[in-house]
Amino acid sequence: MTTSPFTPAWPEGVTARYLTLAGATVDVRGSGDRTAYECTGCPFGSGPSWHHTVAHESAQAHAEKCRALPRPA
Ligand SMILES: [Zn+2]
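Residues numbered from 1 in each chain as written. Predicted model: local features only at pLDDT ≥ 70, side-chain atom pairs only at ≥ 80, totals over all residues. Heavy atoms only, no water.

**Student:** Looking at this model, I keep getting lost on the coordination of the zinc ion. Mind explaining?
**Tutor:** Ligation of the zinc ion by protein atoms is provided by Cys39 (SG), Cys42 (SG), His62 (NE2) and Cys66 (SG), these donors lying 2.0 to 2.3 Å from the ion. Within one chain, the residues donating to the zinc ion are spaced in sequence as C-x2-C-x19-H-x3-C. Of the two residues, histidine 62 and cysteine 66, neither departs from the other in class, the shared state being buried. (Donors = N, O, S within 2.8 Å, 3.2 Å for Na, K, Ca; no water. Buried < 20%, exposed > 50% of the residue type's maximum accessible area, 1.4 Å probe, protein only.)

Below you can see the structure in the form of structure tokens.
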């Protein structure tokens, strides 16, 4: 079985992850009006001051176009 972003335990506090084209993830942390998002492949990210719907939309939109490779662990 190959590893994927879905199989390892998620980092503490991560409530959602969006998979990018290159295999990195955009991690969403928090909820409500205190939600943050952060790409694991590039410096993209913001928060934790977003409403969760905005954070999820931003994370998903970024995941669809980001081509940065995941940073080595
Ligand atoms: Zn990115």
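**Student:** Looking at this structure, I do not really get the sheet that holds strand S4 (residues 45–50). What am I missing?
**Tutor:** Whether parallel or antiparallel, the strands of a sheet pair through hydrogen bonds between backbone atoms. Taken together, four strands build an open sheet; the order of strands is S1-S2-S3-S4 and the sheet is antiparallel. For this open sheet the edge positions go to strand S1 (14–19) and S4, each flanked by a neighbour on one side alone. Strand-to-strand twist across the sheet, computed as the mean angle between neighbouring axes with direction ignored, equals 15°. One ladder, built from five bridges, connects S1 with strand S2 (residues 25–31); its direction is antiparallel. Bridge assignment links arginine 17 to a residue of S2, and that residue is aspartate 27. (Pairing = 2+ DSSP bridges. Helix = DSSP H or I, 4+ residues; strand = E, 2+ residues; numbered from the N terminus. Axes fitted to C-alpha atoms, helices over the stretch in contact; angles between N-to-C directions.)

**Student:** Could you clarify how one ought to interpret the pattern of salt bridges in this entry?
**Tutor:** Side-chain pairing between opposite charges can occur once the charged atoms of the two side chains come close. By the definition in use, this model includes two salt bridges. The residue aspartate 27 makes a salt bridge to arginine 17 at a minimum N-O spacing of 2.7 Å. A residue pair is termed long-range when its members are at least 10 positions apart, and aspartate 27 in strand S2 and arginine 17 in strand S1 qualify at ten residues. Of the residues examined, aspartate 27 reaches a relative accessible area of 4% and is grouped as buried. Measuring nitrogen to oxygen at the nearest pair gives 3.4 Å for the salt bridge that ties glutamate 38 to arginine 29. A relative accessible area of 28% means that arginine 29 is categorised as partly exposed. (Salt bridge = Lys/Arg side-chain N within 4 Å of Asp/Glu carboxyl O.)

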